[in-house]
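A structural walkthrough
This is what each chain is made of:
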Amino acid sequence: MLVRRLTVKGSVPVRRPSRRWRARQAVRRVLGPVGRLLVGPRVLPLFRYLPLVGFRARARAMPTAGIWREQVPDIPEHLASGAGIKRDREAEDEAFKAAPLQDFRTVHG
């Protein structure tokens, strides 16, 4: 509990709770019973009939255009030779012999 000291001339210092602590206690005193009523066995099942929070916001964010109707352009012949990147196996082997790849666990382990 947060406390402040009050000094009065000729008396012993008196302690009283701070304003922040008193405000917090007042909120707890009011909202505590309300919260207990809302999560009681009679009220809690009724929450299933309430709409979800943010339902309208999510509906606004949903796409409204639907399926794209654009036609995919034809792929040029010089690009349609094969999938992926063309590899030069001999150049790869020579590079590996010159400086092999490092093992990640060896370097960072």
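Residues numbered from 1 in each chain as written. Predicted model: local features only at pLDDT ≥ 70, side-chain atom pairs only at ≥ 80, totals over all residues. Heavy atoms only, no water.

1. A short note on the overall build of the chain
Across its full length, the chain holds four helices and two strands. Listing every helix and strand of the chain by position from the N terminus yields β-β-α-α-α-α. Across the 109 residues of the chain, 2% fall into the buried class. Split by element, the accessible area of the chain, about 11700 Å² in all, is 61% carbon and sulfur. (Helix = DSSP H or I, 4+ residues; strand = E, 2+ residues; numbered from the N terminus. Buried < 20%, exposed > 50% of the residue type's maximum accessible area, 1.4 Å probe, protein only. Areas by Shrake-Rupley, 256 points an atom, 1.4 Å probe, with all protein chains shown as cover.)

2. Re the pattern of salt bridges
Under the defined criterion, the tally for this structure stands at one salt bridge. Between Glu92 and Arg87 there is a salt bridge, with its nearest N and O atoms 2.9 Å apart. Using a relative accessible area of 53% as the deciding quantity, one classes Arg87 as exposed. (Salt bridge = Lys/Arg side-chain N within 4 Å of Asp/Glu carboxyl O.)

3. Regarding a negative patch on the surface
Judged by side-chain charge, Asp88, Glu90, Asp93 and Glu94 come together as a negatively charged surface patch. Among the structural elements, Glu94 can be located in helix α3 (residues 89-98). You can call Glu94 exposed: its relative accessible area is 57%. (Patch = residues over 30% accessible without salt bridge, like charges linked within 9 Å, V, L, I, M, F, W, Y side chains within 5 Å. Lys, Arg positive; Asp, Glu negative; His and termini not counted. Charge placed at Lys NZ, Arg CZ, Asp CG, Glu CD.)

4. Focus: a nonpolar patch on the surface
Taken together, Val34, Leu38, Val39, Val43, Leu44, Leu46, Phe47, Tyr49 and Leu50 make up a surface patch of nonpolar side chains, about 850 Å² in accessible area. Mapped onto the secondary structure, Leu50 falls in the loop between α1 (19-38) and α2 (55-61).

5. Observations regarding the confidence of the model for the chain
Taken over all residues, the pLDDT of the chain has a mean of 79, while the share at 70 or more is 75%. Considering each helix and strand of the chain separately, the mean pLDDT is smallest for strand β1 (residues 3-6), with a value of 54, and largest for α3, with 92. (pLDDT = per-residue confidence, 0-100.)

6. Remarks on α1
Here α1 contains 20 residues, and its C-alpha end-to-end distance of 29 Å stays within 8% of the 28 Å for a straight helix at 1.5 Å per residue. The axis of α1 is deflected most strongly, by about 30°, at Leu31, and proline Pro33 appears within four residues downstream. (Expected span 1.5 Å × (residues − 1). Bend = angle between axes of the 7 residues up to and from the residue.)

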